[in-house]
Amino acid sequence: MSKSIPKTGSQKNVRIGSRNHTRKIPKGIIHVQASFNNTIVTITDVRGRVISWSSAGTCGFKGTRRGTPFAAQTAAGNAIRTVSDQGIQRAEIMIKGPGLGRDAALRAIRRSGILLNFIRDVTPMPHNGCRSPKKRRV
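Residues numbered from 1 in each chain as written. Predicted model: local features only at pLDDT ≥ 70, side-chain atom pairs only at ≥ 80, totals over all residues. Heavy atoms only, no water.

## Observations concerning the side chain of T44
1) Next: Relative to the elements of secondary structure, T44 occurs in strand β2 (residues 39-45).
2) Next: If we ignore the near neighbours within four places in the chain, the residues touching T44 are G28, I29, H31, R49, V50 and I51. (Helix = DSSP H or I, 4+ residues; strand = E, 2+ residues; numbered from the N terminus. Contact = heavy atoms within 4.5 Å.)

The following block contains the structure:
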């Protein structure tokens, strides 16, 4: 049997863009998603392309410790540390969710030295949409 020759245009052979190329980004958007179980911090440019992200789970916290304020603070510091060398100076913050990590992540972002344009709460609120699940009886 003859060996199959890979196509030159296949996804395995061609690299789309270079990942080690660092862009200079003067302004960005920081998205903080704080649930009860985890906190995810994503930093994007103005167009919405992801530059860096971190979560409490990727910082090494397991189980119920992912939902703590200290885990959120660590995740926010970790995401900002990777972006600071790309020259980000101004940022907008979008906070979503009811979790404990909201304020801790915001405090860590403020301490990093990035100038904040505005802080917006984008938590989805239903206008009497779907019926909520029944209350837990313990």
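## What to know about the pattern of salt bridges
Any two side chains of opposite charge can pair, so long as their charged atoms come close to each other.
1) Next: Tallying each qualifying case throughout the model produces three salt bridges.
2) Next: Across the salt bridge formed by E92 and K27, the nearest N and O atoms sit 3.3 Å from each other. Of this pair, E92 sits in strand β4 (residues 90-96) while K27 sits in strand β1 (residues 27-34), placing them 65 residues apart in sequence.
3) Next: We classify K27 as partly exposed; its relative accessible area is 31%.
4) Next: We note a salt bridge from D121 to R102, for which the minimum N-O separation is 3.5 Å. In this pair, D121 sits in strand β5 (residues 115-121) while R102 sits in helix α2 (residues 101-111), placing the two residues 19 residues apart along the sequence. (Salt bridge = Lys/Arg side-chain N within 4 Å of Asp/Glu carboxyl O. Buried < 20%, exposed > 50% of the residue type's maximum accessible area, 1.4 Å probe, protein only.)

## Considerations on the environment of I109
1) Next: Topologically, I109 is positioned in helix α2.
2) Next: Sequence separation between I109 and A79 is 30 residues, and the spatial gap between their C-alpha atoms is 9.6 Å.

## Comments concerning α2
1) Next: Inspection of α2 places G101, A104, A105, L106, A108 and I109 among the buried residues, and these make up the whole buried set.
2) Next: Looking at the buried positions of α2, the neighbouring elements they touch are β1, β2, α1 (69-83), β4 and β5.
3) Next: G113 sits one or two residues past α2 and shows a positive phi near 95 degrees.

## Remarks on the sheet that holds β2
Strands pair in a sheet through their backbones, by hydrogen bonds, and they do so in one of two ways: parallel or antiparallel.
1) Next: One open sheet holds the five strands; their spatial order is β3-β2-β1-β4-β5, and the pairing between them is mixed. The two strands at the open ends of the sheet, each matched to only one other strand, are β3 (50-55) and β5. Going from strand to strand, the sheet's axes swing by 15 degrees on average, the running direction of each strand aside.
2) Next: The pairing of β1 with β2 spans seven bridges and is classified as antiparallel. The residue bridging I29 from the neighbouring strand is T44, located in β2. (Pairing = 2+ DSSP bridges. Axes fitted to C-alpha atoms, helices over the stretch in contact; angles between N-to-C directions.)

## Points about the pairing of β2
1) Next: Burial of β2 is extensive: six of the seven residues sit out of reach of the surface.
2) Next: In terms of strand pairing, β2 meets β3 through five bridges, oriented antiparallel. If you follow T42 over to β3, its bridge partner there is W53.
3) Next: The antiparallel hairpin formed by β2 and β3 contains four residues in its connecting segment, where G48 sits at a positive phi of about 105 degrees.

## With respect to the packing of aromatic side chains
1) Next: By the definition in use, this model includes one aromatic pair.
2) Next: Ring geometry for F61 against F70: centres 5.9 Å apart, planes inclined by 85 degrees, an arrangement best described as edge-to-face.
3) Next: Accessibility expressed as a relative area gives 16% for F61, which makes it buried.
4) Next: What makes F70 exposed here is its relative accessible area of 52%. (Phe/Tyr/Trp six-rings, centres within 6.5 Å; stacked < 30°, edge-to-face > 60°.)

Read these as geometric descriptors, not functional statements.
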